[in-house]
Amino acid sequence: MSTLKFTDSDHWARIEQHLAEATGERFAFALTNTIDNGAEGPVLEVVDVVLIDDRDTERGPNSWYLADRALDRVHNQAVAAGNGLVEFHNHHLGPPVFSHIDEAALTPMIDYVLDLLHGTPYGAAVWVEGAVRAEWWRPDGNGGVQRGQFRTVTVIGERLRVINASAVTDERFSRQLPLLGAEAQAAIATMRVAIVGAGGTGSHALVNLAYLGFRDVLILDDDLVETSNLNRLVTADHADIDSPKVVVARRRMRAIDPAVRVRVLPGLTVTGDHPELRDVDLIIGCIDHDGPRHRLNQIAADTRTPYVDIATGVDDTHEPVALGGRVVFVLPGGPCLTCLDELDSAEVARWAKPSDQQTLDRLHGYGTGAPNPSVVHLNGLAVNAALAEVVAWLSGTRRPAQWLDIDLLGNSAQPGVQIGPREVGKQNVGCIDCGTIHRISHDE
Ligand SMILES: [Zn+2]
Ligand SMILES: [Zn+2]
């Protein structure tokens with residue numbers, strides 16, 4: 001299981017158009033950077049594409065094949081740039097699977113290419129009318145070759161697509177399918193989503209992910225249910241006091257949809273690598289402290305993973321009390337929370353400092369001072385505003401708002417609940433967390 005991500009949707013658009021216009025068979029290559037190469041398989045980001053001209057595609061007795069001169073050119077380009085390769089070709093009929101002829105051609109080539117690419121994973125994919133099957137190969141460390149299927153092939157752009165997702169036919173989604181579309185429902189069922197924080201905000205997000213049909217979910221949190229959580233923790237009952245929040249969340253999600261797979265994990269730590277977050281398709285942050293929020297922002301930037309940050313706040317020094325929040329979408333190539341100056345550096349520094357107080361914070365939530373006021377309708381509103389953007393993005397209605405302001409107080413001119421987008425700036429290329437300057441020096 002592993003991921004191939006097109007973080008520039010134009011790369012995929014060029015490959016798909018090339019293959020879709022083929023009268024016979026056509027070939028294209030994605031050049032990749034390796035984001036991760038863990039036990040489950042590689043996580044690759046496409047950084048460039050090469051389309052093979054029809055003059056370099058030859059018709060053999062049984063099939064089409066790529067001229068050696070073209071193959072050599074692509075291989076040399078990848079080696080020179082230090083990239084991996086994923087080959088795409090089209091079929092005209094049937095489900096996208098490798099034919100016997102494909103297999104016979106791939107087998108001898110894999111050893112050669114893995115050697116040439118110094119062990120960087122190699123991929124191959126078949127495309128049939130918009131449907132894709134993609135597999136990967138890498139050295140297994142014992143002189144052999146390991147082969148696997150990409151868990152997801154995602155395209156991150158105007159629309160968030162999972163182009164290797166299988167159709168979903170469950171009747172439970174029949175009332176929402178007209179709204180979301182079959183492609184979005186399939187993407188939802190295939191994507192892996194990580195929810196960081198299973199408290200007031202996270203519990204709403206988790207329950208609604210289960211309703212929407214997400215079926216591969218990770219939950220990260222350390223907290224136990226306390227009596228004072230019961231005013232807003234929609235996953236917990238009175239009898240759940242002292243149970244882990246992740247466990248009650250998983251139970252609730254499985255009760256909603258037995259098909260959902262939920263992995264429960266400890267919360268974020270200052271120095272943790274969190275390899276479990278390196279192969280997910282979407283991160284939703286439901287934390288109320290800028291320390292772990294900053295760590296999550298870094299992980300999302302490093303792994304090129306779309307990250308939705310949900311924050312809520314109550315200001316009871318204000319009269320009447322101000323309730324509000326905001327939702328920020330951090331996308332590859334866009335500004336991160338650090339670019340947007342959305343993180344309190346003093347709060348981040350406090351979290352990073354190891355102390356007895358830190359241990360106490362870990363056991364009893366991320367908050368550092370007196371418990372902040374919290375109320376169920378604010379959490380639910382912020383989460384549902386964020387999920388509305390996620391669904392709009394998946395269904396192709398529109399790109400998500402990069403920033404949503406939520407204000408429950410309003411003002412004398414406009415009373416009541418207000419949710420509205422805010423214009424945000426561009427990515428800061430010198431940003432210490434997401435900047436391209438940092439990324440290049442980090443890679444070297
Ligand atoms: Zn084929
Ligand atoms: Zn940044």
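The structure we're discussing is the one just above.
Numbering of residues starts from 1 in every chain and runs along the sequence as written. Think of it this way: whatever chain is written first is A, whatever ligand is written first is 1, and the rest follow in order. pLDDT decides what is reported in this predicted model: residues at 70 or higher carry local features, side-chain atom pairs at 80 or more are listed and counted, and totals for whole chains, interfaces and linings draw on all residues regardless. By convention in this description, side-chain values take in all heavy atoms of the structure and omit both hydrogens and water.

Undergrad: Can you help me understand the coordination of the zinc ion (ligand 2) in this one?
TA: In a perfect tetrahedron of four donors around a metal, the angles come out at 109.5 degrees. In a perfect octahedron of six, they are 90 or 180 degrees. For Na, K and Ca the donor cut-off is 3.2 Å; for every other metal, N, O and S atoms count as donors within 2.8 Å. Water does not enter the count, which can leave sites looking incomplete. Protein coordination of the zinc ion (ligand 2) is provided by Cys336 (SG), Cys339 (SG), Cys431 (SG) and Cys434 (SG), with donor distances spanning 2.2 to 2.3 Å. Site description for the zinc ion (ligand 2): donor spacing in sequence, C-x2-C-x91-C-x2-C. When sorted by exposure, Cys336 lands in the same class as Cys339, which is buried. Working definition: with a 1.4 Å probe on protein chains only, accessible area under 20% of the residue-type maximum means buried, over 50% means exposed, and in between means partly exposed.

Undergrad: Would you take a moment to explain the packing of helix H2 (residues 68-81) against helix H3 (residues 100-116) for this structure?
TA: Packed helices, taken two at a time, are described by their axes: the angle between them and the distance between them. Fitting a line to C-alpha atoms yields each axis, with helices limited to the stretch in contact; the angle taken between N-to-C directions then spans 0 to 180 degrees. The numbering of helices and of strands both runs from the N terminus, where a helix is a DSSP run of H or I of at least 4 residues and a strand a run of E of at least 2. Orientation of H2 relative to H3, taken along the N-to-C sense of each, is 35°, at an axis distance of 10 Å. In this structure, H2 contributes Leu71, Asp72, His75 and Val79 to the contact, and H3 contributes Met109, Tyr112, Val113 and Leu116. When checking whether two residues touch, look at their non-hydrogen atoms; a contact exists if any pair is within 4.5 Å.

Undergrad: Sorry if this is basic, but what is going on with the sheet that holds strand S12 (residues 193-196) here?
TA: Two orientations exist for strands paired in a sheet by backbone hydrogen bonds: parallel and antiparallel. When DSSP finds at least two bridges between two strands, those strands are taken to pair. Across the sheet, which stays open at both edges, the eight strands sit in the order S14-S13-S12-S15-S16-S17-S18-S19 with mixed pairing between neighbours. Two strands close off the open sheet at either side, each with one partner strand: strand S14 (261-265) and strand S19 (418-421). The average angle at which neighbouring strand axes cross in this sheet is 15°, direction not considered. As paired strands, S12 and strand S13 (residues 216-220) are joined by four bridges and run parallel to one another. Each bridged residue has a counterpart across the sheet, and for Ile195 the counterpart in S13 is Ile219. Contacts between helix H11 (residues 376-395) and the sheet are confined to strand S15 (282-285), strand S16 (307-315), strand S17 (322-330), strand S18 (403-407) and S19, with S16 contributing the most and set at about 155° to the helix.

Undergrad: In this structure, what is going on with the coordination of the zinc ion (ligand 1)? I would like to understand it.
TA: Those donors, His89 (NE2), His91 (NE2), Asp102 (OD) and Asp102 (OD), are the protein atoms that reach the zinc ion (ligand 1), and they lie 1.9 to 2.3 Å from it. Between 85 and 135 degrees for all angles marks four donors as tetrahedral; over 155 degrees for opposite donors together with 65 to 115 for all other angles marks four donors as square planar and six as octahedral; every other arrangement is irregular. Between the four donor atoms coordinating the zinc ion (ligand 1), the angles at the centre fall across 59 to 153°, so the site counts as irregular. Donor residues binding the zinc ion (ligand 1) come from one chain and are separated in sequence as H-x1-H-x10-D. Here His91 falls in the buried class, since its relative accessible area comes to 13%.

Undergrad: I would appreciate a short explanation of the pattern of salt bridges in the present structure.
TA: A side chain of one charge can pair with a side chain of the opposite charge if their charged atoms are brought near each other. Salt bridge, as used here, is a side-chain nitrogen of Lys or Arg placed within 4 Å of a carboxyl oxygen of Asp or Glu. Under the definition given, this model contains 30 salt bridges. The partner of Asp216 in a salt bridge is Arg192, with the nearest N and O atoms 3.1 Å apart. With a gap of 24 residues between them, Asp216 in strand S13 and Arg192 in the loop between helix H5 (182-190) and S12 connect regions that are remote in the sequence. Measuring nitrogen to oxygen at the nearest pair gives 3.5 Å for the salt bridge that ties Lys245 to Asp223. One end of the pair, Lys245, is in helix H7 (residues 245-256); the other, Asp223, is in the loop between S13 and H7, and 22 residues separate them in sequence. Like Asp223, Lys245 is buried.

Undergrad: Just to check I follow, could you spell out the sheet that holds strand S1 (residues 3-6) for this structure?
TA: The mixed open sheet is built from nine strands, whose spatial order is S9-S8-S7-S6-S2-S3-S1-S10-S11. Strands with a single pairing partner mark the edges of an open sheet, and in this sheet they are strand S9 (145-149) and strand S11 (160-162). Each adjacent strand pair in this sheet contributes to an overall mean axis angle of 25°, direction not counted. Bridge analysis of strand S8 (residues 131-139) against S9 gives five bridges, and the strand direction is antiparallel. Considered in S9, the bridge of Trp137 is made with Arg147. Strands strand S6 (84-90), strand S7 (122-128), S8 and S9 of the sheet are contacted by H3, whose axis makes an angle of about 155° with S7.

Undergrad: Just checking my understanding: could you explain the environment of Glu342 for this structure?
TA: With respect to the element layout, Glu342 can be found in the loop between S17 and helix H9 (345-352). On the basis of relative accessibility, which here comes to 24%, the residue Glu342 falls in the partly exposed class. Residues Glu342 and Thr57, 285 residues apart in the sequence, show an inter-C-alpha distance of 51 Å. Sequence-distant contacts of Glu342, defined by excluding residues within four places in its chain, comprise Asp290, Arg326, Leu337 and Trp403.

Undergrad: Which parts of the structure should I look at to understand helix H1 (residues 9-20)?
TA: Spacing of three or four residues puts side chains on the same side of an α-helix, whose turn is 3.6 residues. One less than the residue count of a helix, multiplied by 1.5 Å, gives the span that helix is expected to have. Here H1 is twelve residues long and its end C-alpha atoms lie 16 Å apart, about the 16 Å a rise of 1.5 Å per residue gives. Those residues of H1 that fall on the buried side of the exposure criterion are His11, Trp12, Ile15, Glu16, His18 and Leu19. The buried residues of H1 occupy one face: seen down the axis, they fall within an arc of 160°. Among the residues of H1, the N-terminal cap falls to Asp8, whose side-chain oxygen and the backbone nitrogen of Asp10 are separated by 3.0 Å. Within this analysis, the arc is defined by the directions that extend from the helix axis to the C-beta atoms. A 3.5 Å cut-off defines polar contacts: any pair of N or O atoms within that distance qualifies, except that in protein one atom must be a possible hydrogen donor and the other a possible acceptor, and neighbouring residues in sequence count only when both atoms are side-chain atoms.

Undergrad: Just checking my understanding: could you explain the packing of helix H8 (residues 290-303) against H9 for this structure?
TA: It is at 7 Å that the axes of H8 and H9 come closest, and there the two elements cross at 90°. Relative to H9, the element H8 lies roughly perpendicular. From H8, Asp290, Gly291, Pro292, His294 and Arg295 reach across to H9, where they touch Glu347, Val348 and Trp351. In what follows, roughly perpendicular refers to angles from 65 to 115 degrees, roughly parallel to angles under 35, roughly antiparallel to angles over 145, and oblique to any angle outside these ranges.

Undergrad: For this particular structure, what's the right way to read unusual backbone geometry?
TA: Only a minority of non-glycine residues have a phi that is not negative, and only a minority of peptide bonds are not trans. You will see that His118, though not glycine, has its phi angle at about 55°, which is positive. Looking at where His118 falls in the secondary structure, it is placed in the loop between H3 and S7. Not every positive phi belongs to a glycine, and Arg304 is a case in point at roughly 60°. Among the secondary structure elements, Arg304 is positioned in the loop between H8 and S16.

Undergrad: Just checking my understanding: could you explain the packing of aromatic side chains for this structure?
TA: Two aromatic rings, taken as a pair, are described by how far apart their centres are and by the angle between their planes. Centres within 6.5 Å are what make two rings of Phe, Tyr or Trp a pair, Trp counting through its six-membered ring; a difference in plane orientation under 30 degrees is then read as stacked, over 60 as edge-to-face, and the rest as tilted. The full count for this structure, using the stated rule, is five aromatic pairs. Both rings, one in Phe6 and one in Phe88, keep their centres 6.2 Å apart while their planes meet at 50°; by these two values the pair is tilted. Remark: Phe88 occurs in strand S6 and Phe6 occurs in strand S1; sequence separation between them is 82 residues. The structure contains a cluster of three or more aromatic residues connected by ring pairs, namely Phe6, Trp12 and Phe88.

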